[in-house]
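These are the residues of each chain, in order.
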Amino acid sequence: MISDKMQIYIDGSSAIRALFEESKKLAEQLGAENVFDFSLGNPNFPPPAAFGEAVKKYIDAPDQNFVNGYMNNSGYPEVRARVAESLNRRFGTAYAEHNIIMTVGAAGGLNTMLAVLMNAGEEVMTFAPFFGEYFSYATNVDANLVVVPPNPPAFAPNVAAFAPLVTEKTRAVILNSPNNPSGVIYGEDDLRAIADVLREKQRQFGTDIYILCDEPYRELNYTDREVPWMPDYYNNTIVGYSWSKSLSIPGDRIGYLVIPDEVTDSPQIVQGGNIMTRTLGFVNAPALMQLVCAACVDLPVDISGYRKNRNALWHGLTGIGYTCVEPQGAFYLFVKSPLEDDKAFVEAAKPFGLVVVPGSGFGAPGWLRLAYCTSYVTIERSLPQFKALWDSVNK
C-alpha cells in the first residue's frame, strides 16, 4: 500500500504532463503532423553554440575527476564565485561565493529552501495564477500552500487580497516573475507593496517571513523595462534561478540559489541548504553542467525566436476572437476560455489536434495556457484549427 502523502501526489498529478503524454496518443490517431502540442514548456530552440563548445572543452579535459567528481555540496567554489560576480555586474550587488548554492534547476532550489525554512503545518503563499507544482513542493515538507486569488484580466499580484491571508503561520511567499502561466512581469509598485505588507506582518507577529523568487524566465523579457530584482525591495529574499529556459537546456537540470547576507539567519540558511542538497538526494548539482554554465554565465540570451512565436500566436488568436493576456515575458500565452468550463474546452480542442492546458491547474479557472516555445511552423499551421475550434464552440 502506498503512503497517504503519495496518494495526495497522485490525486494532484500534473495536468501539464498528462496532456503532454496524451498528445502522443493523439498523434497516433490523427497523425503527428496534425497535432499541435502547446502543453509543455520545453524549448524548441537549440542551446547557443558557446554552450556546446564548453561541453566539448570539459569532456576533453585531461582532469576528468575535476570535471565529473564530487565537490562541496553547494557546488564548485569557482563556479559559485563566477555566478556571484555576474550578478554583481548586473544588479549592483556585493555577493560572494558563500551567497550562492548550485542547484538541480530552480525546482531543486525551491525544494531545498522549503526544507530548510518550513516546519510541518506552516504556510507558504503564492499568487494565482501559479505553477501547479508548488502544491507538491509544499506537500513535500508537510506545509500548506495558501493561494492568493487571481486578479484578471491583468493578472498582476492581487496585493489587496494578499494582506489578510498572511498569518502567524506564514513562513514563505513564492513569487514567479516573469510569470508561468500568464507571462506577466510583476511591477515595482506591486513588489514594494508586497514587501511593505510582509515587513508589517513580521513586526506584528514577531516572525521571519521569506520571499522565494522563482526566476527561470528572467531573461525572457519582451518589454523595455528591467525585471525587478526583489532583494532590492525586501531583505528576506532568496532567489532561485535556472538556465533551463535561457540556454534551452531544461533536461540538464542546473541552476542556483542566491542567499544574500541581508537575509535573517543567512549563515544558517546557507548551511542548511548545503546539507539539504545532500540529504534530499541531489548530493550536488551536476558537475559538468556547473562548469559549462559558468563558462556561459554572461552570454546574451537571444529571445528573437520566442518573440516571433509570441507575436504570431497572440495576433493570430486575438484576430480570431480569443481574449489573450499580452505576454510581457516567459513563453506562455494565457487565453480566456470560450467555454466557462476550461477543462471542457480542453477536451473540445483535442479532436482539432490542439493540446492546451486548463487554467484551473494554475489557480485561474476559465483560462488556458499555451506554451509557444514550439516551432513557428506549428504555430502557423495551428491557427486554422483554432479558428475551426472557435467556430465550433461558438455556434
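Look above for the structure.
Caption draft 1: Representation of a nonpolar patch on the surface within the structure. On the surface, Ile2, Met6 and Ile10 cluster together into a nonpolar patch covering about 260 Å² of accessible area. One can find Ile2 in the segment before helix 1 (4-11).

Caption draft 2: Quick peek at the environment of Phe66. Residue placement: Phe66 occurs in helix 4 (residues 64-68). According to the relative accessible area criterion, Phe66 is partly exposed, its value standing at 32%. Between the alpha carbons of Phe66 and Leu291 there is a distance of 9.8 Å; along the sequence they are 225 residues apart. The residues contacting Phe66, other than those within four sequence positions of it, are Tyr76, Glu78 and Leu291.

Caption draft 3: A look at the pairing of strand 5 (residues 170-176). Of all the 7 residues making up strand 5, 6 are buried; the element is thus mostly covered by neighbouring parts of the structure. In the sheet, strand 3 (residues 123-127) pairs with strand 5 via 4 bridges, with the strands oriented parallel. Bridge pairing links Met125 to Val173 in strand 5. Sheet analysis places strand 5 next to strand 6 (residues 210-214), joined by 5 bridges and oriented parallel. When the sheet's bridge partners are listed, Ala172 is paired in strand 6 with Tyr210. Taken together, strand 5, helix 9 (residues 188-205) and strand 6 form a β-α-β motif whose crossover is right-handed.

Caption draft 4: Quick peek at the side chain of Thr126. With respect to the element layout, Thr126 can be found in strand 3. On the accessibility criterion, Thr126 (2% relative accessible area) is buried. Setting aside chain neighbours within four positions, we find Thr126 in contact with Tyr134, Leu145, Val146, Val147, Val148 and Ile174.

Caption draft 5: Representation of the packing of aromatic side chains within the structure. Under the defined criterion, the tally for this structure stands at 22 aromatic pairs. Between Phe131 and Tyr134 the ring centres are 5.9 Å apart and the planes differ by 90°, which places this aromatic pair in the edge-to-face class. The exposure class assigned to Phe131 is partly exposed, which follows from its relative accessible area of 22%. The buried category is assigned to Tyr134, whose relative accessible area is 1%. Positioned above the aromatic ring of Tyr376 is the side chain of Lys308, whose terminal nitrogen or guanidinium carbon lies 4.2 Å from the ring centre.

Caption draft 6: Broad picture of unusual backbone geometry. Of note, the bond from Pro152 into Pro153 is cis; its omega dihedral lies within 30 degrees of zero at 0°. Mapped onto the fold, Pro153 is located in the loop between strand 4 (144-148) and helix 8 (159-162). Cis rather than trans, the peptide bond between Ser177 and Pro178 has omega equal to -5°. Relative to the elements of secondary structure, Pro178 occurs in the loop between strand 5 and helix 9. Phi angles above zero are rare outside glycine, and Phe155 is one such case at about 60°. One can find Phe155 in the loop between strand 4 and helix 8. At Arg253, a residue that is not glycine, the phi angle is positive and equals roughly 50°. Residue position: Arg253 is located in the loop between strand 7 (237-242) and strand 8 (255-258).

So, how was this worked out
- Residues numbered from 1 in each chain as written.
- Predicted model: local features only at pLDDT ≥ 70, side-chain atom pairs only at ≥ 80, totals over all residues.
- Heavy atoms only, no water.
- Patch = residues over 30% accessible without salt bridge, like charges linked within 9 Å, V, L, I, M, F, W, Y side chains within 5 Å.
- Areas by Shrake-Rupley, 256 points an atom, 1.4 Å probe, with all protein chains shown as cover.
- Salt bridge = Lys/Arg side-chain N within 4 Å of Asp/Glu carboxyl O.
- Helix = DSSP H or I, 4+ residues; strand = E, 2+ residues; numbered from the N terminus.
- Buried < 20%, exposed > 50% of the residue type's maximum accessible area, 1.4 Å probe, protein only.
- Contact = heavy atoms within 4.5 Å.
- Pairing = 2+ DSSP bridges.
- Right-handed = clockwise from strand over helix to strand, strands pointing away.
- Phe/Tyr/Trp six-rings, centres within 6.5 Å; stacked < 30°, edge-to-face > 60°.
- Lys NZ or Arg CZ within 6 Å of the ring centre and 35° of its normal.

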